[in-house]
Amino acid sequence: MIPYGRQNIDASDIAAVIEVLQSDWLTQGPLIERFEQAVAQRCGADHAVAVCNATAGLHLACLAAGLGSGDWLWTSPISFVASANCGRYCGANVDFVDIDPYTWTLDPAALALKLAEAARQGRLPKVVVAVAFAGQSADMRAIAALARQYGFTLIEDAAHAVGARYAGNPVGCGEFADMTVFSFHPVKIITTGEGGMVLSNRAELDRRLRLLRSHGITRDPSQMTEASHGAWYYQQLELGLNYRITDLQAALGLSQLTRLDAFLSRRRELAARYQRLLAQLPVTVQQPQVHAESAWHLFIVRLQGDRIQRSQREVFDGMRAAGVGVNLHYIPIHLQPYYRELGFKPGDFPQAEGYYSQALSLPLYPDLSEAQQDHVIDTLRGLLEQYA
Ligand SMILES: *Cc1c(COP(=O)(O)O)cnc(C)c1O
């Protein structure tokens, strides 16, 4: 089976991890900070905090934004559940903003309307999580303008978008988002096994993220409420978590980072080839955002035509039967039983639901060969003819 995504691990990655295994530190050694600095530098961010996964990173980002009980977090319904769950972890209410039908990212026009209504009702969101979907940023310039107007914290869930660019700068530079969260899960652009990072340009956010990552404990005398009792002394200032990454993972991440550009160029090459070879088929692809360069985490098509759309499941099963590990990103979050329990229902976000009824993720990862990609396209073409 050709998977929809897969890591690329080479001998240099393996050597980097073995070196840590033979060193003095398996966790909390020198490589975590080196990894943080390398990612911050690559993205043009002032600060970066490595964490055990992006879900933890989103949770910490929400806590650092001061999100709590009674507050609102808004996000896109077409994302992984973690984009919304981070609000629930903080005890906040979650709501959604529908997607743009062409870029499949949070629609700034829908956001503007919803904000105007929320302002009248006095329930503006404290946090908006904009998702860089499939590797392409949302319209961050427009969303950031609304953040300034309405005073919410803008978090970019860039789990898909390590190495992507927007408005001439790397995603993570903080020109538009207050905090940017990356994932290093194996199906994403670079991997540390499990892992994530939160980037920001504000020292105060960075300080809070670091404190909360490690139990709320500090060893920094300048942060303490009284003079140190001695060299052993630390203080717990608030209720934090253990969301740390390990040196083993940081070593893998540093090694993977040296190959990020090669990964990105191969993904772009394969995505361009998909676009060229799918042009004659009854499918549409993600429309590029103005001034955005996707990292191409996912290559998704939307099936076009009434009969084909009704056969989405048959096409999906037919691809799997032919050894093509297609997937569907994502089931609208508001339709998950947990969120329906909170009052959401079918029809709430029509663009997201329409997208879900047509979408299909095709395999895309650096080691996908052109022969495999041809097999994916030929199989899809055959099924689309069969169900047309
Ligand atoms: C993968 C993913 C996450 C969660 O990442 P983990 O590192 O697995 O916790 C969050 N948001 C989106 C959009 C994702 O795709």
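Before reading further, recall that the structure is shown in the block above.
This report concerns the structure included in the present document.

Each value, and the rule that gives it
- Residues numbered from 1 in each chain as written.
- Predicted model: local features only at pLDDT ≥ 70, side-chain atom pairs only at ≥ 80, totals over all residues.
- Heavy atoms only, no water.
- Near = heavy atom within 4 Å.
- Polar contact = N/O pair within 3.5 Å; in protein donor to acceptor, adjacent residues only side chain to side chain.
- Areas by Shrake-Rupley, 256 points an atom, 1.4 Å probe, with all protein chains shown as cover.
- Helix = DSSP H or I, 4+ residues; strand = E, 2+ residues; numbered from the N terminus.
- Nonpolar A, V, L, I, M, F, W, Y, C, P; charged D, E, K, R; others polar.
- Buried < 20%, exposed > 50% of the residue type's maximum accessible area, 1.4 Å probe, protein only.
- Pairing = 2+ DSSP bridges.

1. Overview of the site of the ligand
For the ligand, the set of nearby residues contains 14 residues, the closest of which are Thr55, Asp157, His160, Ser183 and Lys188. Residue Lys188 places a side-chain N or O atom 3.0 Å away from an oxygen atom belonging to the ligand. Within the side chain of Tyr330, a nitrogen or oxygen atom sits 3.1 Å from an oxygen atom of the ligand. For the ligand, whose free accessible area comes to 380 Å², the fraction covered by protein is 92%. Those elements that place two or more of their residues in the shell around the ligand are helix H3 (54-64) and helix H4 (82-89). Each residue belonging to the shell around the ligand can be placed in one class, and the counts come to 5 nonpolar, 7 polar and 2 charged.

2. Things to note about the pairing of strand S9 (residues 196-200)
If a strand is regular, its side chains alternate between the two faces of the sheet. Extensive coverage of S9 is indicated by the burial of 5 of its 5 residues. Here S9 shows two buried faces, one formed by Gly196, Val198 and Ser200 and the other by Met197 and Leu199. Inspection of the sheet shows strand S1 (residues 47-51) paired to S9 by 5 bridges, in the antiparallel sense. When the bridges of S9 are listed, His47 appears paired with Ser200. In this sheet, S9 lies alongside strand S8 (residues 179-183) in antiparallel orientation, the contact comprising 5 bridges.

3. Describing unusual backbone geometry
A cis amide bond, omega 0 degrees, links His329 with the succeeding residue Tyr330. Within the secondary structure, Tyr330 sits in the loop between helix H11 (312-321) and helix H12 (337-341). Positive phi, close to 55 degrees, is recorded for Gln28, a residue that is not glycine. Its location among the elements puts Gln28 in the loop between helix H1 (11-21) and helix H2 (30-43). The class of Gln28 is partly exposed, set by a relative accessible area of 36%. The phi dihedral of His215 falls on the positive side, at around 70 degrees, and the residue is not glycine. Topologically, His215 is positioned in the loop between helix H7 (203-213) and strand S10 (217-218).

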